[in-house]
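A closer look at the structure
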There are 8 protein chains.
Amino acid sequence: MTTPYKRLDKDQAAVLLVDHQAGLLSLVRDFDPDKFKNNVLALGALAKYFRLPTILTTSFENGPNGPIVPELKEMFPDAPFIPRPGQINAWDNEEFVAAIRATGKKQLIIAGVVTEVCVAFPALSAIEAGFEVFVVTDASGTFNDVTRHSAWDRMSSAGVQLMSWFAVACELHRDWRNDVEGLGALFSAHVPDYRNLITSFSTLTQTR
Amino acid sequence: MTTPYKRLDKDQAAVLLVDHQAGLLSLVRDFDPDKFKNNVLALGALAKYFRLPTILTTSFENGPNGPIVPELKEMFPDAPFIPRPGQINAWDNEEFVAAIRATGKKQLIIAGVVTEVCVAFPALSAIEAGFEVFVVTDASGTFNDVTRHSAWDRMSSAGVQLMSWFAVACELHRDWRNDVEGLGALFSAHVPDYRNLITSFSTLTQTR
Amino acid sequence: MTTPYKRLDKDQAAVLLVDHQAGLLSLVRDFDPDKFKNNVLALGALAKYFRLPTILTTSFENGPNGPIVPELKEMFPDAPFIPRPGQINAWDNEEFVAAIRATGKKQLIIAGVVTEVCVAFPALSAIEAGFEVFVVTDASGTFNDVTRHSAWDRMSSAGVQLMSWFAVACELHRDWRNDVEGLGALFSAHVPDYRNLITSFSTLTQTR
Amino acid sequence: MTTPYKRLDKDQAAVLLVDHQAGLLSLVRDFDPDKFKNNVLALGALAKYFRLPTILTTSFENGPNGPIVPELKEMFPDAPFIPRPGQINAWDNEEFVAAIRATGKKQLIIAGVVTEVCVAFPALSAIEAGFEVFVVTDASGTFNDVTRHSAWDRMSSAGVQLMSWFAVACELHRDWRNDVEGLGALFSAHVPDYRNLITSFSTLTQTR
Amino acid sequence: MTTPYKRLDKDQAAVLLVDHQAGLLSLVRDFDPDKFKNNVLALGALAKYFRLPTILTTSFENGPNGPIVPELKEMFPDAPFIPRPGQINAWDNEEFVAAIRATGKKQLIIAGVVTEVCVAFPALSAIEAGFEVFVVTDASGTFNDVTRHSAWDRMSSAGVQLMSWFAVACELHRDWRNDVEGLGALFSAHVPDYRNLITSFSTLTQTR
Amino acid sequence: MTTPYKRLDKDQAAVLLVDHQAGLLSLVRDFDPDKFKNNVLALGALAKYFRLPTILTTSFENGPNGPIVPELKEMFPDAPFIPRPGQINAWDNEEFVAAIRATGKKQLIIAGVVTEVCVAFPALSAIEAGFEVFVVTDASGTFNDVTRHSAWDRMSSAGVQLMSWFAVACELHRDWRNDVEGLGALFSAHVPDYRNLITSFSTLTQTR
Amino acid sequence: MTTPYKRLDKDQAAVLLVDHQAGLLSLVRDFDPDKFKNNVLALGALAKYFRLPTILTTSFENGPNGPIVPELKEMFPDAPFIPRPGQINAWDNEEFVAAIRATGKKQLIIAGVVTEVCVAFPALSAIEAGFEVFVVTDASGTFNDVTRHSAWDRMSSAGVQLMSWFAVACELHRDWRNDVEGLGALFSAHVPDYRNLITSFSTLTQTR
Amino acid sequence: MTTPYKRLDKDQAAVLLVDHQAGLLSLVRDFDPDKFKNNVLALGALAKYFRLPTILTTSFENGPNGPIVPELKEMFPDAPFIPRPGQINAWDNEEFVAAIRATGKKQLIIAGVVTEVCVAFPALSAIEAGFEVFVVTDASGTFNDVTRHSAWDRMSSAGVQLMSWFAVACELHRDWRNDVEGLGALFSAHVPDYRNLITSFSTLTQTR
């Protein structure tokens, strides 16, 4: 009677980054800008770290929505990049869906701007198409808490799993022993409190 | 085991605006008044833009609840307008349900004041009557967060989809190419941040 | 796949007021005390107005939990009053359940202090026993938002419907024409904004 | 169509305390530190009071994550203590699962740091393995409200029951008469408002 | 270099209630309506209890601002009541100032709606005219926190003392022994937590 | 020892609108965009209504900061408009100060973006130059509450008076009788709750 | 033109704990109870640690206000304890002032319940009597933020210095070298994050 | 009667960074960690950009407080770095004050952890010693809002000016024309919304 546990698997998962564009980011007000920037870059970094196939898409990037955030473009120079000519739901763009199917993955990790449109629409369509869908809530932004929670409720009711980027990283990694340095570096770069723990620990263990 | 994706379709949808009355609006305290006014007018504007059949209803408008907000009445001079003589759940008013059935639509987009009564009651009745129901959370107001979340929970559990007016507009429009100017004008009028993006963009592209 | 609409019916409903005791009320911190007092008295007043069978119960009222709030006791002098000798879940008290069954009602409207114990426990037991259960969220208090939302989630998952006292009153009343004066008096006494609307309206219509 | 009421039973329940480590606690920002410390110790105290089998586990305790909170270690000197060599999801550690199975209990009460990883992962795995799972929301901490609510939604959708430590204690105890002094002492130590009620009550009844 | 302590003295103080009108109250959004209603009535009750000369005034009460709150009018049937024909700053109304001067008091306790206009303007004028001014912050309401804090800053900078109604009552009373019953009754009626303390205390001391 | 009451006088006051530019507005996050837009336009409208000399200035409007908000430019087609070539503190621009001195006014009403720079710097300079300075707090925006309150504290300590646009309008108008229609129209356009009062009032008085 | 720096000196300071009574504590709602309990005990602990003369007083402790918090009484068994027969402002009690003068100290550190009465009144009186006054804001509680900030503003305007208990401890201690162990123990007992730092540090330095 | 405008001058100012240590940062809870990290690094970056003499100091860095944040140490490899052996108020350390005096500057820009101790103590001492003091509020952190506002009030009353790092940068720079690129780079690195404006602007102006 409940949604069964769908566990992220780094061999099964692809990442979709939808409409993180310089103009659209000014619409995001459910996160502090410093924090949101960090969350999006952290998601990009983990996608890269786990070598997950990653697909970038934008909406109308020659208009007021503006270009994709440069850091993301630089992080994934060879990833499929689909500037959509007009489709609001990225899933309505055949090239986008083709790129997803080309990865051969069944688990989709989605984040974008704004949550109730650029994230929720393809997430719902992906569920309908039989994928397992994981939305990264803290790398997806929108106007305010009311629009956020409406979007979360709609997605959750449809079977989407809501996760933070940190949970995604941990679930993909499974075991610290797979690469202590790598995961530690990811956390150190994007979780200031974790970095502080490492700084204190390293200083103490090196000096003694 | 989950609610399937019901996608809004402009050929299938009608809009119900329930009890946005001058007196009742003083009860709405889960939104700032400036924002709420904008959200309600934005919903009206999108209903008009997409030429969705729209039905207005009020409760006891000759008493303390006061008249319908004049802007809505002016926006829809020819829409069915059903001042209910007493029924609290608009669905209990036969004329109201008849007007809905007369549209021939199966998707109902509902907003009103207050959320847990004037919105939730007809939304739940409409679900029971076999309609697909979409409640516009940010154009529906109530006393406070506790009453709001109780109403959302009750509606969501019954299969109502919770959406913002912005998501409704985007899901109905499907593709910017259907009418870039029109959707842009809607957003420019009701999303200040979007208007600013357009202002900056237009100024730059015109002057160069 | 979703919870069907269970509509409150004044001929089918009974009210359970659980552990609104002078001592326990000092534990309630998810509501401002002025507001919570008003909400509880409003629920009492509507139970009385709709002549719903009402059952009062307390836990250990001779100890630190303190006596029942005097206003409630005075409001329902002849109602079954079951001071429980020790059972935390009121449903474990046979006398309490017998009093409920004696009403012959199948819909239970429950409120109490604290939400996750005195409300959630009997609400969950009542669902299990086949009743339709409606919890009045704004007349039920607890320590903080975390404990509140945990309780709401547990109850909602089990099929409890979450409502505000205002929604309960409106759903029971069905139609203003059943008694305009009575419902107006209830709202005037417990919704300050509504009272103001009535004051302004009455003054204007009387003086002109 | 809904999750049935699973009632905690002190003869059926075991407690899992996951990664309450001195370093990791600096990541917890969805609770005030004074409150969170109290909640964790209250959960420990109730586990001890009800003599529930309790299992402690840590992640990488010789690194930056730091050692387990000393109070917990002292409270359960003889409990199984499983410092995991690397598994992020404690359920991936065979020794941990073996310790759980050795208790013979089918109800698992889980708390830990951080909620969306150290709590949610084993909670979801335990559901999958057929256990009844109760997560103690106020003894589990994480980075912020977004990560918390994402974790709650994922767990709730999978059938996990969300409870506060106070609700856990009350549901296990069933009836004050089982031991008034014991439960009173637990509350007095961890609920300041309750302690004040007892102080006032005792003073009055002793001096008169 | 600092503002000296000006202590309220019941023989020196008068109360000014400015524009607590049924219509204007819908503008007040920096307080929950239940709480604000209680605070205003508590201030009225203390003025009456300490027999402080009290002056009522309204602005345009035959227009949209609406009539004075009936409870205040009933509480002070014989008090000077000055419906201002148009002056926004009540101090610009000669009749109002004359009524104040007629009391012979030098300490003015002011509350009203909205804080930055109906309260701040006469408060600043009264300071200029040589009075000691005490603004009751929790019986004065306005649109939001920004307007509130702007008003507080302007008044505080000019030497106005900001107090709650509870502090006003306590400073005027000086010593419980002056009348334990009276002050207790005032608190019992307007401080729910205090009422609960009295309920528990009375019950215990009466039954033993 | 305190700041004396400086009362706004429509014959003594000028308005300075500093850097309300399409790009810079994306930095404003201490107000909801709908509300902030309304507040700025309300300030513009009142400046126009009271025929106060108004001066517009921008910073680097050909760069990323973007052009001035079009509504303001249209509202004041003939006002001095000083696009500053580089000075951050507008007071460092001689043309700007000359325009102010040309008005012959001694009271300056200032608003702008962002509060701690574009507002605070000229406000502090104006105080130093001997003007009476009134900052419109709700038409001035910045990054967050910390930067806002730092700016307010610095300005208040220097003798700046903090006011809302509504208070400015009321203090300038002095008496409703000077023009009931005009002030009513201003409030109706920019205070939704006031508009509702007027709607209800007009409907009732016209129909009876 | 500003308040000069008055630095706390452990040879010049006395502590006044006013009305921390079991009943009155139920009125304190501007702090979470767990946090407030900790702050009050921390202040007690630092007073003891620095051997500051400490004076306890209560108001009506045989009535509903209830007895003094037992921990404080036990912590200071030999301190002057003045149960006031009725004076609301403790400074009006001659015995209380005499006890203060008997300490020979000129710096008074004050905390109590509720802030705007039991703290603010004696604080203002002490300033008037020529003492240097330091109010411990986080060990003083009241009804809500409005009453708190009104009290803070009134005290600050009169020259009271507002400090946290942590700042008081640090200013009194001056130099860690005066007693590293002692101050560390105080912080470890009352600042959970500090305790965690010490736990991690000690574990690392002991095991290596 | 008010604090005169003290304007920051890059030739007169030095920066003091007090106790930004890896351990102490876990105490900072009045800022989100991502934001606080950004603010501190932004302050460091602006100190470097304006070539302000900068002095670093730490408290007990070999103990639990942990080492200075590595980024700051790397940013200022040649700056005076004074690890204090025990003085809590850095001003009590002669070497620290000597380093300040050696800069020959009279304006001190101070930030640190925690606000009410490591920032407020030296800030108050510096005022007493005749310096002009500017505290960077958003690069100074503490336990919570109560401790923050107590510290701000104490410092503001003593004549300290409260500023954000952004205001400091703007006041020092005076005129964009002094170096458009440099200031733009600083903002681009530390104000995400500003970076987005620049991204959109550059893309548009380069492609056209």
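Keep in mind it's a predicted model, so treat the numbers as computed, not measured.

Conventions used here
Residues numbered from 1 in each chain as written. Chains lettered and ligands numbered in written order. Predicted model: local features only at pLDDT ≥ 70, side-chain atom pairs only at ≥ 80, totals over all residues. Heavy atoms only, no water. Least-squares fit on C-alpha atoms with pLDDT ≥ 70 in both. Contact = heavy atoms within 4.5 Å. Buried < 20%, exposed > 50% of the residue type's maximum accessible area, 1.4 Å probe, protein only. Helix = DSSP H or I, 4+ residues; strand = E, 2+ residues; numbered from the N terminus. Pairing = 2+ DSSP bridges. Right-handed = clockwise from strand over helix to strand, strands pointing away. Domains from an automatic or database assignment. Buried area = accessible area lost by both parts, 1.4 Å probe. Salt bridge = Lys/Arg side-chain N within 4 Å of Asp/Glu carboxyl O. Polar contact = N/O pair within 3.5 Å; in protein donor to acceptor, adjacent residues only side chain to side chain. UniProt positions renumbered as here; feature names shortened; annotations may be inferred. Disulfide = S-S within 2.5 Å. Nonpolar A, V, L, I, M, F, W, Y, C, P; charged D, E, K, R; others polar. Phe/Tyr/Trp six-rings, centres within 6.5 Å; stacked < 30°, edge-to-face > 60°. Lys NZ or Arg CZ within 6 Å of the ring centre and 35° of its normal. Axes fitted to C-alpha atoms, helices over the stretch in contact; angles between N-to-C directions. Parallel < 35°, antiparallel > 145°, perpendicular 65-115°, else oblique. Left-handed = near helix turned anticlockwise from the far one by under 90°. Core = buried A, V, L, I, M, F, W, Y, C linked by side-chain atoms within 4.5 Å.

For the rest of this paragraph, the subject is the relation of the copies chain H and chain F. Mapping chain H onto chain F leaves a residual RMSD of 0.0 Å; the transformation is a rotation of 90° accompanied by 0.0 Å of translation along its axis. What we have between these two chains is a four-fold relation. Each copy contacts the other with its own distinct surface, as only 9% of the interface residues of chain H are interface residues in chain F too.

Residues and elements named next belong to chain A. Of all five residues making up strand 5 (residues 132-136), five are buried, and the element is well covered by its neighbours. With burial as the criterion, each face of strand 5 is covered, one bearing Glu 132, Phe 134 and Val 136 and the other bearing Val 133 and Val 135. Both strand 4 (residues 107-112) and strand 5 contribute to a ladder of four bridges, which runs parallel. Along strand 5, the bridge assignment pairs Ile 109 with Phe 134. Running through helix 4 (residues 115-128), the crossover from strand 4 to the neighbouring parallel element strand 5 is right-handed. In the sheet, strand 5 pairs with strand 6 (residues 161-163) via three bridges, with the strands oriented parallel. Its bridge partner lying in strand 6, Val 135 is registered against Leu 162. Following the backbone out of strand 5, through helix 5 (residues 145-157) and into the adjacent parallel strand 6, one traces a crossover that is right-handed.

Residue and element names in this part refer to chain A. When its domains are assigned, chain A resolves into domain 1 (13-174) and domain 2 (176-208). With 13 residues of domain 1 at the contact, the number on the domain 2 side is 10 residues. Carbon and sulfur atoms make up 70% of the surface buried where domain 1 meets domain 2, a total of about 930 Å² over both sides. On the domain 1 side of the contact with domain 2, Tyr 49, Trp 165 and His 173 bury the most area, a combined 51% of that side's loss. On the surface where domain 1 and domain 2 come into contact, there are zero salt bridges. Across the contact surface, domain 1 and domain 2 share three residue pairs in polar contact (both at pLDDT 80 or more).

The next thing to look at is the UniProt feature "domain: Isochorismatase-like" (unreviewed entry) in chain A. The feature "domain: Isochorismatase-like" (unreviewed entry), as annotated in UniProt, sits at residues 14-165 of chain A in this numbering. Taken end to end, residues 14-165 of chain A is 40% helix and 19% strand, and its first and last C-alpha atoms sit 14 Å apart.

Moving on, we get to the state of the cysteines. In protein structure, a disulfide is the covalent linkage between the sulfur atoms of two cysteines. Going through the model one piece at a time under the given rule, you end up with zero disulfides over all chains. This cysteine, Cys 118 of chain D, is not joined by any disulfide, and Cys 170 of chain A carries the nearest cysteine sulfur, 7.1 Å off.

On to the interface of chain H and chain F. Taken together, the contact pairs 35 residues of chain H with 39 residues of chain F. Carbon and sulfur atoms supply 61% of the area buried between chain H and chain F, which totals about 3000 Å² over both sides. Inspection of the chain H/chain F interface yields three salt bridges. We note a salt bridge from Arg 7 of chain H to Asp 92 of chain F, for which the minimum N-O separation is 2.5 Å. Linking chain H with chain F are 11 residue pairs in polar contact (both at pLDDT 80 or more). When residues of the side of chain H that touches chain F are traced back to their parent elements, those giving at least two are helix 5 (145-157), strand 6 (161-163), helix 6 (165-173), helix 7 (180-190) and helix 8 (192-207) of chain H. The class makeup of the residues in the side of chain H that touches chain F is 18 nonpolar, seven polar and 10 charged.

Across all of its chains, the model carries 80 aromatic pairs over all chains by this definition. Measuring from ring centre to ring centre gives 4.9 Å for Phe 143 of chain A and Phe 166 of chain B, while their planes differ by 75°; the resulting arrangement is edge-to-face. Here Phe 143 of chain A, found in the loop between strand 5 and helix 5, pairs with Phe 166 of chain B, found in helix 6 (residues 165-173), and the two come from separate chains. In terms of burial, Phe 143 of chain A and Phe 166 of chain B fall into one category: buried. On the basis of an interplanar angle of 80° and a centroid distance of 6.0 Å, the ring pair of Trp 165 of chain A and Phe 166 of chain A is categorised as edge-to-face. Each member of the pair, Trp 165 of chain A together with Phe 166 of chain A, is buried. Pairwise contacts between aromatic rings join Phe 60 and Phe 143 of chain A together with Trp 165, Phe 166, Trp 176, Phe 187 and Tyr 194 of chain B into one cluster. The positively charged end of Lys 73 of chain C is found above the aromatic ring belonging to Phe 81 of chain C, 4.8 Å away from the centroid.

Two elements in contact, helix 6 (residues 165-173) of chain A and helix 4 (residues 115-128) of chain D, have axes whose closest approach is 9 Å; the angle formed by their N-to-C orientations is 50°. The pairing of helix 6 of chain A with helix 4 of chain D is recorded here as oblique in orientation. Where helix 6 of chain A crosses over helix 4 of chain D, the handedness of that crossing is right-handed. Residues Phe 166, Ala 167, Cys 170 and Glu 171 of chain A of helix 6 of chain A touch helix 4 of chain D, and the partners they reach there are Glu 116, Val 117 and Phe 121 of chain D. Looking at the contact of helix 6 of chain A with helix 4 of chain D residue by residue, the class counts come to five nonpolar, no polar and two charged.

A few words now on the sheet that holds strand 5 (residues 132-136) of chain D. All names here are of chain D. With respect to topology, six strands assemble into an open sheet ordered 3-2-1-4-5-6, the strand pairing being parallel. For this open sheet the edge positions go to strand 3 (81-84) and strand 6 (161-163), each flanked by a neighbour on one side alone. Ignoring strand direction, the axes of neighbouring strands in this sheet form an average angle of 25°. Sheet analysis places strand 1 (residues 13-18) next to strand 2 (residues 54-59), joined by four bridges and oriented parallel. Counterpart to Leu 17 in the pairing with strand 2 is Leu 56. Here helix 6 (residues 165-173) sits on the sheet and contacts strand 1, strand 4 (107-112), strand 5 and strand 6; the angle it forms with strand 6, its principal contact strand, is near 100°.

To continue, consider helix 6 (residues 165-173) of chain G. Residues and elements named next belong to chain G. The buried count for helix 6 comes to nine of nine residues, which makes it a mostly enclosed element. Regarding helix 6, the residues found buried are Trp 165, Phe 166, Ala 167, Val 168, Ala 169, Cys 170, Glu 171, Leu 172 and His 173. Immediately beyond the C-terminal end of helix 6, within one or two residues, lies Arg 174, with a positive phi of roughly 70°.

Before going further, it helps to spend a moment on the nonpolar core. Core analysis: the biggest nonpolar cluster contains 324 residues, and Ile 109 of chain E, Ile 109 of chain F, Ile 109 of chain G together with Ile 109 of chain H have the highest contact counts within it. If sequence neighbours within four positions are ignored, Ile 109 of chain H has contacts with Leu 8, Ala 13, Ala 14, Val 15, Leu 16, Leu 43, Leu 52, Phe 134, Val 136, Val 168 and Leu 172 of chain H. Counting 323 residues, the second-largest nonpolar core is a separate cluster that includes Val 18 and Phe 121 of chain A, Met 155 of chain B together with Val 136 of chain D.

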